[in-house]
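# Structural overview
Chain by chain, the residues:
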Amino acid sequence: MEYLEFELPIKELEDQLQKCRIIGEESEVDVTQTCSQIEKKLIQTQTDIYKNLTPWQRVQLSRHPNRPYTLDYIRAICGETFLELHGDRGFKDDKAMIGGLGKIGDQSYMFIGQQKGYNTKTRQYRNFGMANPEGYRKALRLMKSAEKFGIPVVTILDTPGAYPGLEAEERGQGEAIARNILEMTRLKVPIITVIIGEGASGGALGIGVGDIVLMLENTWYSVISPESCSSILWRSWEFKEQAAEALKLTAKDMKKLKMVDEIVKEPLGGAHRDREQTFTIVSDAISKSYELLKNLSPKELVEKRMDKYLNMGVFKG
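Quick caveat, the model's predicted, so the values are computed rather than measured.

## Section: the side chain of Glu217
Following the sequence through the fold, Glu217 ends up in the loop between strand S6 (212-216) and strand S7 (220-222). The class for Glu217 is buried, based on a relative accessible area of 18%. Residues in contact with Glu217, not counting those within four places in the same chain, are Arg58, Ala251, Ile263, Val264, Lys265 and Glu266.

See the structure below:
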């Protein structure tokens, strides 16, 4: 397990606890009481640290190297039922954007999401979770297939942004994202969006228009990353913490601004601390959201979705 800077007091206590247990196993000394005291202190320290996280610390948690990615969620939630689908039928298959059919219980869903890599090799393979235009076109093709067969769509957001390279712009990156936003607003099946990590810029919004938008507790959703914002405003990355504060990008801020519908609580310490519990929580949240949408007619779905997004940013004096 890797630890972030603000998690170091937790690491010290966990190391102490481990040493205490080893002493108990290797000798005849009764260390039960000592271990129990360390455990209590550990839980208290974790609670104090994670209760008072700054926006920048939540950004750091959203990028934690041990944090589960899109495919981890899909495989855990759908098991053997997941069937990945490839290609945009135009240019090629974008490895940064994955999608396919899967089941939660007896209900089929079309899952679409950005996938990051676990190490240097897979990060390059997945292009660091930054999709090209063909990724967004693949996503749209899968959404249209889901609409054709009346299957609800689940989109999973985790990207530092759409790929900003020259070749992406040449193939119409802006148009591909804009087309997705347009088509998603009028898709005739339920769309449930889950933000599991970084939700940056148009790259996230290209698959982020949902009837119900769920946001995990330690994630962020914004037009720009704190580092990029800092480099534009202050000509330096050193002010990223102030930028994170000013951008109002945390789940709590997003809920308050009515940009997302529900905050999904993570296990103590973040999603990476208890993956299995996180997968169960997210699976239940998706099923619960679908229950609220499944009886709406296509016309009602589209009308409610349109109204929801048209009301964003409306100021009443």
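There's plenty left to go through after this.
## Structural notes on unusual backbone geometry
For Arg235, which is not glycine, the phi torsion reads 60° and is therefore positive. For Arg235, the position within the fold is in the loop between helix H10 (226-233) and helix H11 (240-247). With a relative accessible area of 74%, Arg235 lands in the exposed category.

## Side note on a nonpolar patch on the surface
Taken together, the side chains of Ile232, Leu233 and Trp234 define a hydrophobic patch exposed on the protein surface, amounting to about 330 Å² of accessible area. Structurally, Leu233 can be placed in helix H10. Since its relative accessible area comes to 59%, Leu233 is described here as exposed.

## A few points about the nonpolar core
Core analysis: the largest hydrophobic core is formed by 30 residues, its most contacted members being Ile112, Tyr136, Met143, Val153, Ile207 and Tyr221. Look past the residues within four positions of Tyr221 in its chain and what remains in contact with it is Leu157, Ile195, Gly199, Ala204, Leu205, Gly208, Met215, Leu249, Met254 and Val260. The next biggest cluster of nonpolar side chains, apart from the first, holds 27 residues, and it includes Leu71, Ile98, Ala271 and Leu293.

## Topic: the pairing of S6
Within S6, five of the five residues are buried, which leaves the element mostly enclosed by the surrounding structure. Going residue by residue along S6, you find Ile212, Leu214 and Leu216 tucked away on one face and Val213 and Met215 tucked away on the opposite face as well. Looking at chain direction, strand S5 (residues 191-200) and S6 are connected through four bridges and run parallel. For Val194, the partnering residue across the bridge sits in S6 and is Leu214. Pairing analysis gives three bridges linking S6 to strand S8 (residues 262-264), with the strands arranged parallel. Across the sheet, the residue bridging to Met215 is Ile263, located in S8.

Rules used in this analysis
- Residues numbered from 1 in each chain as written.
- Predicted model: local features only at pLDDT ≥ 70, side-chain atom pairs only at ≥ 80, totals over all residues.
- Heavy atoms only, no water.
- Helix = DSSP H or I, 4+ residues; strand = E, 2+ residues; numbered from the N terminus.
- Buried < 20%, exposed > 50% of the residue type's maximum accessible area, 1.4 Å probe, protein only.
- Contact = heavy atoms within 4.5 Å.
- Patch = residues over 30% accessible without salt bridge, like charges linked within 9 Å, V, L, I, M, F, W, Y side chains within 5 Å.
- Areas by Shrake-Rupley, 256 points an atom, 1.4 Å probe, with all protein chains shown as cover.
- Salt bridge = Lys/Arg side-chain N within 4 Å of Asp/Glu carboxyl O.
- Core = buried A, V, L, I, M, F, W, Y, C linked by side-chain atoms within 4.5 Å.
- Pairing = 2+ DSSP bridges.

The values reported here are purely geometric and, on their own, carry no functional implication.
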